[in-house]
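Structural overview for review
Here are the chains, one letter per residue:
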Amino acid sequence: MTLMSQDLAARREPGDEQEPVVRVSGLVKAFRRADGSIARAVDDVSLEVRPGEFLVLLGPSGCGKTTLLRIIAGLERADAGSVTLRGEEVFAAQRGVDLPPERRRLSMIFQSYALWPHMTAFDNIAYPLRNARPKPGRADVDRRVRAALEMVGTPELGRQYPNQMSGGQQQRIALARAIVGGDDLVLFDEPLSNVDAKVREQLRLELLSLQRELGFAAVYVTHDQTEAMELAHRIAVMGHGRVRQLADPATIYRRPVSRYVANFVGTSNELTGTVVRHEERTTVLRTVVGEVAGARADLAVGAEAVAVFRPERTRLVAAGGAEENAWPSEVTAVLFLGAHTETVAKAGEQSFRLLGDHDAAEGTRVTVTVRAEDVLILPAEG
Ligand SMILES: Nc1ncnc2c1ncn2[C@@H]1O[C@H](COP(=O)(O)OP(=O)(O)OP(=O)(O)O)[C@@H](O)[C@H]1O
């Protein structure tokens with residue numbers, strides 16, 4: 001483990017006393033749509049980003065992630081709430097505080113990096129320095145641009161134009177431009193959304209290692225859950241302007257707090273029903289396929305609920321091979337996906353998806369099962 005990653009691990013401990021780089025509190029932003037209706041793009045959002053942390057804002061189109069990012073940057077003015085950067089309040093709706101973007105000591109990387117096509121890599125990186133007030137001297141600009149090129153590992157690219165560089169090199173130049181001023185906070189607005197899947201994967205890995213190495217804090221907007229899982233120390237899953245869950249990727253995946261989060265991150269099997277009883281360690285629902293036992297949940301008997309479980313935790317057994325959660329089904333599809341196979345089985349109208357090698361051909365009668373501890377029982381709504 002490098003010093004940097006040790007630091008990061010330490011930072012992720014709860015009870016961390018370090019001053020956050022970003023603290024937003026009670027942010028609200030409403031827009032009036034063309035038809036006169038009001039869209040609450042950001043609806044009472046509070047969160048923090050710690051030094052060196054990679055925070056991803058994840059959610060479907062229109063959930064407010066870009067608006068939140070732009071409020072942090074100072075490109076959008078919130079109706080209520082405050083933004084504090086490194087302990088300094090840069091925006092406070094009530095008190096009329098609103099520092100312009102250039103005084104917030106952060107940089108933003110947009111879709112496709114937005115490098116100036118008519119400028120060399122060197123001039124692209126020098127751009128924010130040459131436009132800074134006070135403007136640094138020529139020798140100073142030269143030294144800092146070279147240092148930034150060195151830092152992102154491309155000292156030889158100074159004289160290249162963007163169209164003479166690979167996607168990975170462009171990303172490095174965009175990052176060099178973002179950090180050249182010494183900012184410890186970089187905001188990303190879907191920088192990889194216009195890149196094809198294969199290259200995107202590569203660029204993601206590079207971005208990950210550069211961010212961990214250079215140690216700046218990042219707030220990164222995406223609607224791509226794979227991207228979020230791979231890059232983030234923590235993910236804020238957003239829906240309708242609100243943060244629905246904020247946690248590390250494993251917790252988001254294994255312990256989603258709501259049906260919304262469970263469905264947005266990864267795929268799930270779902271059985272809706274009514275809570276019929278609680279046992280020592282389980283909660284039991286009545287559903288169309290019979291009783292379903294899941295990890296004990298704090299829900300009233302009679303409440304509408306949903307049992308959620310992941311395809312990789314769902315298994316096939318011989319008839320009579322499971323004591324609980326055993327549903328006689330028929331295999332309706334076997335999809336070969338390369339690294340793994342997905343099997344779809346149906347019990348009446350209810351479909352189950354299973355990941356892994358199950359070795360059951362289409363049309364086979366099987367029993368689908370899942371352990372109660374691998375089943376989350378969540379409220380039906382939300
Ligand atoms: N300038 C604006 N005028 C009116 N409505 C706006 C404006 N900007 C955003 N909105 C609305 O606010 C909501 C949130 O938009 P935002 O761009 O923040 O979402 P997003 O999650 O970033 O979506 P996407 O991934 O599609 O960019 C949407 O309903 C959008 O239509």
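Please read all numbers here as calculations on a predicted model, not as lab measurements.

So, about the overall build of the chain. Of regular secondary structure, the chain possesses nine helices and 21 strands. Over its C-alpha atoms, taken along the principal directions, the chain stretches across nearly 80 × 50 × 50 Å. The proportion of buried residues among the 382 residues of the chain is 48%. Considering only residue pairs separated by 6 or more positions, the chain has 65% of its internal contacts joining residues 24 or more positions apart. For the chain, the accessible surface area stands at approximately 18800 Å², while carbon and sulfur atoms represent 48% of it. The positive charge centre, built from 47 side chains, and the negative charge centre, built from 51, are 5 Å apart in the chain.

Moving on to the site of the ligand. Near the ligand, the surroundings consist of F31, A41, P60, S61, G62, C63, G64, K65, T66, T67 and E190. Contact between the ligand and G62: an oxygen atom at 2.7 Å from a main-chain N or O atom of the residue. Between an oxygen atom of the ligand and a side-chain N or O atom of K65, the distance comes to 2.8 Å. Protein chains bury 61% of the 630 Å² of accessible surface belonging to the ligand in isolation.

Sheet strands associate in pairs through backbone hydrogen bonding, adopting either a parallel or an antiparallel arrangement. With respect to topology, five strands assemble into an open sheet ordered β2-β1-β4-β5-β6, the strand pairing being antiparallel. Looking at the sheet topology across the chains shown, the edges are occupied by β2 (38-49) and β6 (97-98). Examined bridge by bridge, strand β4 (residues 80-85) and strand β5 (residues 88-92) share four bridges and lie antiparallel to one another. Each bridged residue has a counterpart across the sheet, and for S82 the counterpart in β5 is A92. Across the face of the sheet, helix α2 (residues 65-73) comes into contact with β1 (22-32), β2 and β4 while running at roughly 120 degrees to β1.

Let us now look at the layout of surface pockets. Here the largest pocket defines a volume of roughly 960 Å³. Counting residues per element, the ones that place at least two in the lining of the largest pocket are β7 (107-109), α3 (121-130) and α5 (167-179). Grouping the constituent residues of the lining of the largest pocket by class yields 17 nonpolar, four polar and nine charged. Considered as a void within the structure, the second largest pocket measures approximately 260 Å³ in volume.

Another aspect to go through is unusual backbone geometry. At R86, a position not held by glycine, the phi torsion is positive, near 50 degrees. In this fold, R86 is placed in the loop between β4 and β5. Although it is not a glycine, N325 adopts a positive phi angle of roughly 50 degrees. Position of N325 among the secondary structure elements: in the loop between β16 (315-317) and β17 (326-336).

Before going further, it helps to spend a moment on helix α6 (residues 197-214). The terminal C-alpha atoms of α6, which comprises 18 residues, lie 25 Å apart, in line with the 26 Å expected from a rise of 1.5 Å per residue. Turning to α6, its buried residues number three or more, namely L203, R204, E206, L207, L208, L210 and Q211. Of the surrounding elements, those touching the buried residues of α6 are β3 (54-58), α4 (138-151), α5, β8 (185-189), β9 (217-222) and α7 (225-231). Taken from the residues just after α6, G215 is the one with a positive phi, measuring 80 degrees.

Below, the discussion takes up the nonpolar core. Counting 46 residues, the largest nonpolar core has F188 and V237 as the members making the most contacts within it. In this view, V237 contacts L58, R242, V243, R244, Q245, I252, Y260, V261, F264 and V265; residues no more than four positions away in its chain are not counted. Counting residues in each nonpolar core, the second largest holds 31 residues, with V24, L57, A78 and V90 among its members.

With 95% of its residues at a pLDDT of 70 or more, the chain shows a mean pLDDT of 89. Model confidence for the chain, summarised as mean pLDDT per element, is weakest for helix α1 (residues 3-11) at 40 and strongest for β4 at 98. Taken as a whole, residues 1-15 scores under 50 in pLDDT and shows 18 contacts with residues more than four places along the chain or in a different chain.

About the thresholds
Residues numbered from 1 in each chain as written. Predicted model: local features only at pLDDT ≥ 70, side-chain atom pairs only at ≥ 80, totals over all residues. Heavy atoms only, no water. Helix = DSSP H or I, 4+ residues; strand = E, 2+ residues; numbered from the N terminus. Buried < 20%, exposed > 50% of the residue type's maximum accessible area, 1.4 Å probe, protein only. Contact = heavy atoms within 4.5 Å. Areas by Shrake-Rupley, 256 points an atom, 1.4 Å probe, with all protein chains shown as cover. Lys, Arg positive; Asp, Glu negative; His and termini not counted. Charge placed at Lys NZ, Arg CZ, Asp CG, Glu CD. Near = heavy atom within 4 Å. Polar contact = N/O pair within 3.5 Å; in protein donor to acceptor, adjacent residues only side chain to side chain. Pairing = 2+ DSSP bridges. Axes fitted to C-alpha atoms, helices over the stretch in contact; angles between N-to-C directions. 1 Å grid on protein atoms, 1.4 Å probe; cavity = no way out; pocket = protein on both sides within 12 Å on 5 of 7 lines; lining within 4 Å. Points joined across faces, edges and corners; volume = space filled by probe spheres on them. Nonpolar A, V, L, I, M, F, W, Y, C, P; charged D, E, K, R; others polar. Expected span 1.5 Å × (residues − 1). Core = buried A, V, L, I, M, F, W, Y, C linked by side-chain atoms within 4.5 Å. pLDDT = per-residue confidence, 0-100.

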